[in-house]
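Now for the letters of each chain:
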Amino acid sequence: MPLRKHKNGRTQFEFNRVINGKRYRATKLLPKSWSVKQCQDYDQKETAKLYAIALGQTVDATIDDAIAVYLKEHAHTLKTFEALEKEFLHNTPHFTGKKLDQLNLVVKSICKEPISEASKRNYIANIRSACRYAWKYHGMCDKDPAYNVKMPRVNNKREIYASRSDMLKIAKEMPRKYRTFVRIGFYTGMRLGEMLKAQIIDGMIFLQDTKNGQSRIIPVHSRIKSAVKHLPCKYAKTTIQKHWQIAKEACGFSHLHFHDLRHSAASEMINNDVDLYTVGKILGHKDAASTQRYAHPLNSKLSEAVNKIGKRKITIVTGKQIGRAHV
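Residues numbered from 1 in each chain as written. Predicted model: local features only at pLDDT ≥ 70, side-chain atom pairs only at ≥ 80, totals over all residues. Heavy atoms only, no water.

Student: A description of the overall build of the protein should follow, citing residues and the corresponding values.
Tutor: What the protein contains, in helices and strands, is 14 helices and 8 strands. The buried share of the protein, reckoned over its 327 residues, is 39%. The long-range fraction of contacts in the protein, counting pairs at least 24 apart against all pairs at least 6 apart in sequence, stands at 57%. Surface accessibility of the protein: about 20300 Å² in total, with carbon and sulfur atoms responsible for 50%. (Helix = DSSP H or I, 4+ residues; strand = E, 2+ residues; numbered from the N terminus. Buried < 20%, exposed > 50% of the residue type's maximum accessible area, 1.4 Å probe, protein only. Contact = heavy atoms within 4.5 Å. Areas by Shrake-Rupley, 256 points an atom, 1.4 Å probe, with all protein chains shown as cover.)

Shown next, in the form of structure tokens:
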């Protein structure tokens, strides 16, 4: 039978037929909220479509088809494959049965969900990628299905930073074996996940596998030379985050995230006149725009900049000072 009950209680569609001497297989977990009739309707339409494909007949591709081929041929090469697979399953009610040229309807459906704008954008972006892949490599649509699709606007810039004294207060509230990684985060700008993989080679921190897919080298700050011997971190991220949460609440810094230590490292370097390109190389950014969002000029820096307006410049020529009138 094409429909059967999965061990988790949901209905699963299964297609396993030999057509013209060739076997065709397909499986799909159907949404938990679907009624028996909805499952049966899906079964009839999907079975007819699969037969048509097997017989070489033209069919109207759906977003389900696009995601299936995307997962099979491309997504498995991504580090986020398992999370992506679960995400598509979660969003099945938004796109099941819709054609590729109905992507805007999927966007509207997802935008009604009571989740953050960033999550909505990520959901839509991943579905859009699958549709574009199916269009580009399998001709499942006459034109780019993402053409004229409006993405939700997200302002995820955080302007929250920890000073060195703030960082030390929180670290001292944590068990000694965990506080080390707070200091490393502040003085390197590394993500907590990167600390689990970091290696020390020739006195430098080496990251082989990073978020942007490129390796990275980070010099060791003099204040953490003894701390980096604890890299790679052998503790679970959730354990360190739990103790960070307890410590920051105890210190009155409930607004700080562990990731803000990365922002703080960038801010400290930028406010000490390190150029954006160099800061970006240390943080592992591919473009300056990513680094710019961490820039947090101190009030003293802003005042210093304003006070330079109209300031007289002195030019040294053969040992003599020649003043330049200010405008």
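From this point, things continue past the structure.
Student: With reference to specific residues and values, describe the environment of F186.
Tutor: Checked against the element boundaries, F186 lands in helix α8 (residues 176-188). We classify F186 as buried; its relative accessible area is 5%. Apart from the residues lying within four places of it in its own chain, the contact partners of F186 are A162, S163, R164, M167, L261, S264, A265 and E268.

Student: Can you break down the sheet that holds strand β2 (residues 11-19) residue by residue, with the values?
Tutor: Reading across the sheet, the 3 strands line up as β1-β2-β3 and stay open at both edges, with antiparallel pairing between neighbours. For this open sheet the edge positions go to β1 (3-5) and β3 (22-29), each flanked by a neighbour on one side alone. Ignoring which end each strand starts from, the neighbouring axes of this sheet average 25° apart. Pairing of β1 with β2, which is carried by 3 bridges, proceeds in the antiparallel orientation. Considered in β2, the bridge of R4 is made with Q12. (Pairing = 2+ DSSP bridges. Axes fitted to C-alpha atoms, helices over the stretch in contact; angles between N-to-C directions.)

Student: Lay out the layout of surface pockets in plain terms, naming residues and giving numbers.
Tutor: Estimates place the volume of the largest pocket at around 1200 Å³. Contributing to the lining of the largest pocket are 33 residues, with A26, D64, D65, A68 and V69 lying nearest its centre. Elements represented by at least two residues in the lining of the largest pocket include exactly β2, β3, α1 (36-54), α2 (63-73), α3 (81-90) and α4 (92-95). Tallying contributions element by element places α2 first for the lining of the largest pocket, with 8 residues. (1 Å grid on protein atoms, 1.4 Å probe; cavity = no way out; pocket = protein on both sides within 12 Å on 5 of 7 lines; lining within 4 Å. Points joined across faces, edges and corners; volume = space filled by probe spheres on them.)

Student: Please give an account of the pairing of strand β5 (residues 204-207) that cites residues and values.
Tutor: The two faces of the sheet receive side chains in turn, since in a regular strand these alternate between them. Across 3 bridges, strand β4 (residues 199-201) lies against β5 in antiparallel orientation. Of the residues in β5, the one forming a bridge with I200 is I205. Counting the residues between successive antiparallel strands, the hairpin from β4 to β5 contains 2 residues, one of them, D202, with a positive phi of roughly 55°.

Student: Tell me about the sheet that holds β5, and name the residues and values.
Tutor: Sheet architecture is open: 3 strands sit in the order β4-β5-β6, paired in antiparallel fashion. Only two strands of the sheet have a single neighbouring strand rather than two, namely β4 and β6 (216-219). With strand direction ignored, the average angle separating the axes of adjacent strands in the sheet is 35°.

Student: Explain the nonpolar core to me, using residue names and the numbers behind them.
Tutor: Residues M190, M195 and L231 are the most contacted members of the largest nonpolar core, which totals 37 residues. Only α7 (164-173), α8, α9 (192-195), β5, α10 (237-250), α11 (260-270) and α12 (276-283) provide two or more residues apiece to this core. A total of 6 residues in this core trace back to one element, the largest contributor, which is α8. Residues in contact with M195, not counting those within four places in the same chain, are F181, I184, G185, M190, L231, P232, C233 and F258. Counting residues in each nonpolar core, the second largest holds 28 residues, with V107, Y123, A125 and C131 among its members. (Core = buried A, V, L, I, M, F, W, Y, C linked by side-chain atoms within 4.5 Å.)

Student: How would you summarise the packing of α8 against α10 if you had to cite specific residues and measurements?
Tutor: It is the contact of α8 with α10, at a shortest axis distance of 10 Å, that shows an interaxial angle of 90°. With respect to their mutual orientation, α8 and α10 come out roughly perpendicular. Along the contact surface, α8 presents Y178, F181 and V182, while α10 presents T239, I240, H243 and W244. Broken down by class, the residue content of the contact of α8 with α10 amounts to 5 nonpolar, 2 polar and no charged. (Parallel < 35°, antiparallel > 145°, perpendicular 65-115°, else oblique. Nonpolar A, V, L, I, M, F, W, Y, C, P; charged D, E, K, R; others polar.)

Student: Let's hear about the pairing of β2: which residues, and what values?
Tutor: Count of turn residues in the β1/β2 antiparallel hairpin: 5 residues, of which G9 carries a positive phi of about 95°. As paired strands, β2 and β3 are joined by 8 bridges and run antiparallel to one another. Across the sheet, I19 pairs through a bridge with K22, a residue of β3. Count of turn residues in the β2/β3 antiparallel hairpin: 2 residues, of which N20 carries a positive phi of about 55°.

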